[in-house]
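# Structure assessment
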Amino acid sequence: MLMRSAFHLASTRGGAPRLNIFVFHRVLPAPDPLFPDEVDTVAFDRMLGWIASWFRILPLAEGIAQLRRGELPARAAAITFDDGYADNLTQALPILQRHHAPATLFVATGFLDGGRMWNDTVIEAVRRTPLTHLDLGAIDKGRVAVGSVAEKRRAIGELIPRIKHLPPLARERHVAAVAEASQATLPDDLMMASAQLREWHRAGMGVGAHTVTHPILATTDAETARQEMLDSKRWLEALLGERIGLFAYPNGKPGQDYRAEHAGLAADVGFDAALATVWGAARRDSDVFQLPRFTPWDRTKYRFGARLLQNLLSS
């Protein structure tokens, strides 16, 4: 009760309620030794329970519309997921339904139906390789140790940042080199199938666009960026039979992953709002094409709540 009162005061400070938008990616069925901090079903159930007890969870589109009209209730929150992982349906959806919590999934459409995001290709290549070392001389990385869990974690931690902000063709070449060197059989079921996305939608959950191939827009030319936004929007509209009004920038850090002109592009191609990934809660005077999203990384109730309160007070 004390925490809920604190969130009430923080979210209405100055008389204008704020919308706290949470962002998640995967919800794993069990803890992952390579990523012990990744959210699994137990952690997600616990966090969603805290959020539901402290906030009024609204569908994102409804929350944004109420925010813009000045009709947002106190302690308003929305839940979002990025990318389109199959475990959002198989693992997260039952937990969302149990807590009566609507959520919106931002989909990178090019990876549905058997595709795989570039970072997951790197991760699964390292995870599943039968080798103790990868020969990555083709990308000037030399021999990389991957024999133990600690070595695999270290390799992934070095490779992902090295590859992330490369131009698309260079990134593709680096990822292919890691996959080839690993000699691993890689999974083709990490992302949703079209039928699963329709099932998510039929369950009353929201869907937004997240580009086709998840590029770093800041390193992508304007026409390609525009096409990525537009094509993902149109593909989802054709699949679901309804207009898609929301967009989330890949990775989502302003200045680093996208720039101000991409907010203009989002408006030009017909989105109503776009979301970043940065500290803060949305206010009525926030740029609707750069709405903040923030989820505390803490795993205890007090620390999770304290960091969330800090986020609201800084907004």
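Residues numbered from 1 in each chain as written. Predicted model: local features only at pLDDT ≥ 70, side-chain atom pairs only at ≥ 80, totals over all residues. Heavy atoms only, no water.

### Some remarks on the overall build of the chain
Of the regular secondary structure elements, the chain holds eleven helices and nine strands. Computed over the C-alpha atoms, the radius of gyration of the chain is 20 Å, within 12% of the 20 Å expected from 2.2 N^0.38 for a compact globule of 315 residues. Overall size of the chain, expressed as C-alpha extent along the three principal axes, is 60 × 45 × 35 Å. Counting over 315 residues, the chain shows a buried share of 53%. (Helix = DSSP H or I, 4+ residues; strand = E, 2+ residues; numbered from the N terminus. Rg over C-alpha atoms; globule rule 2.2 N^0.38 Å. Buried < 20%, exposed > 50% of the residue type's maximum accessible area, 1.4 Å probe, protein only.)

### What to know about empty space enclosed by the protein
Counted according to the given criterion, the structure contains one cavity of 30 Å³ or more. Of the voids in this model, the largest cavity is the one considered here, and its volume is about 30 Å³. Contributing to the lining of the largest cavity are Lys164, Leu166, Pro168, Arg171, Pro215, Ile216, Thr219 and Thr220. For the lining of the largest cavity, the residue count by class is four nonpolar, two polar and two charged. (1 Å grid on protein atoms, 1.4 Å probe; cavity = no way out; pocket = protein on both sides within 12 Å on 5 of 7 lines; lining within 4 Å. Points joined across faces, edges and corners; volume = space filled by probe spheres on them. Nonpolar A, V, L, I, M, F, W, Y, C, P; charged D, E, K, R; others polar.)

### Quick word on the packing of aromatic side chains
Throughout the structure, instances matching the rule amount to 16 aromatic pairs. The interplanar angle of 85° and the centroid separation of 5.1 Å between the aromatic rings of phenylalanine 24 and phenylalanine 44 together place this pair among those described as edge-to-face. Of the two residues, phenylalanine 24 is situated in strand β1 (residues 19–24) and phenylalanine 44 in helix α2 (residues 41–54); the sequence distance between them amounts to 20 residues. The same class applies to phenylalanine 24 as to phenylalanine 44, namely buried. On the numbers, 6.2 Å between centres and 85° between planes, the contact of phenylalanine 294 with tryptophan 297 is edge-to-face. (Phe/Tyr/Trp six-rings, centres within 6.5 Å; stacked < 30°, edge-to-face > 60°.)

### Looking at the nonpolar core
For soluble globular proteins, the rule of thumb is that nonpolar side chains tend to be buried together. Judged by nonpolar contacts, the single largest core of 74 residues is most densely connected at Phe44, Ile79, Phe81, Leu96, Leu197, Trp200 and Tyr249. In terms of residue count, α2 provides more of this core than any other element does, seven residues in total. When sequence neighbours within four positions are dropped, the list of residues in contact with leucine 197 reads Leu105, Val107, Leu112, Met192, Val207, Trp235, Leu236, Leu239 and Leu240. Leu34, Ala125, Leu134 and Ala181 belong to the second-largest nonpolar core, a separate cluster that totals 20 residues. (Core = buried A, V, L, I, M, F, W, Y, C linked by side-chain atoms within 4.5 Å. Contact = heavy atoms within 4.5 Å.)

### A look at the packing of α2 against helix α11 (residues 301–313)
Here α2 crosses α11 at 50°, and the two axes come no closer than 11 Å. Classified by the angle between their axes, α2 and α11 sit oblique to one another. In this structure, α2 meets α11 at a crossing whose hand is right-handed. The segment α2 lies against α11, with Met47, Trp50, Ile51 and Trp54 engaging Lys301, Phe304, Gly305 and Leu308. Its residues assigned to classes, the contact of α2 with α11 comprises six nonpolar, one polar and one charged. (Axes fitted to C-alpha atoms, helices over the stretch in contact; angles between N-to-C directions. Parallel < 35°, antiparallel > 145°, perpendicular 65-115°, else oblique. Left-handed = near helix turned anticlockwise from the far one by under 90°.)

### Some details on a nonpolar patch on the surface
A cluster of nonpolar side chains, Val278, Trp279 and Trp297, forms an exposed patch at the surface whose accessible area comes to about 310 Å². For tryptophan 297, the location among the structural elements is in the loop between β9 (273–275) and α11. (Patch = residues over 30% accessible without salt bridge, like charges linked within 9 Å, V, L, I, M, F, W, Y side chains within 5 Å. Areas by Shrake-Rupley, 256 points an atom, 1.4 Å probe, with all protein chains shown as cover. Salt bridge = Lys/Arg side-chain N within 4 Å of Asp/Glu carboxyl O.)

### Comments concerning the pattern of salt bridges
Two side chains with opposite charge may pair up if their charged atoms get near one another. According to the stated counting rule, one finds 13 salt bridges in the structure shown. Measuring nitrogen to oxygen at the nearest pair gives 2.8 Å for the salt bridge that ties arginine 293 to aspartate 82. Placement of the pair is arginine 293 in the loop between β9 and α11 and aspartate 82 in strand β3 (residues 76–83), with a sequence separation of 211 residues. Judged by its relative accessible area of 1%, arginine 293 is buried. Of the charged contacts in the structure, one is a salt bridge between glutamate 237 and lysine 233, with a shortest N-O distance of 2.6 Å. A residue pair is termed a helical-turn pair when its members lie 3 or 4 positions apart in one helix, as glutamate 237 and lysine 233 do in helix α9 (residues 222–240) at four residues. Salt bridges sharing common partners tie together Asp32, Glu124, Arg127 and Arg128.

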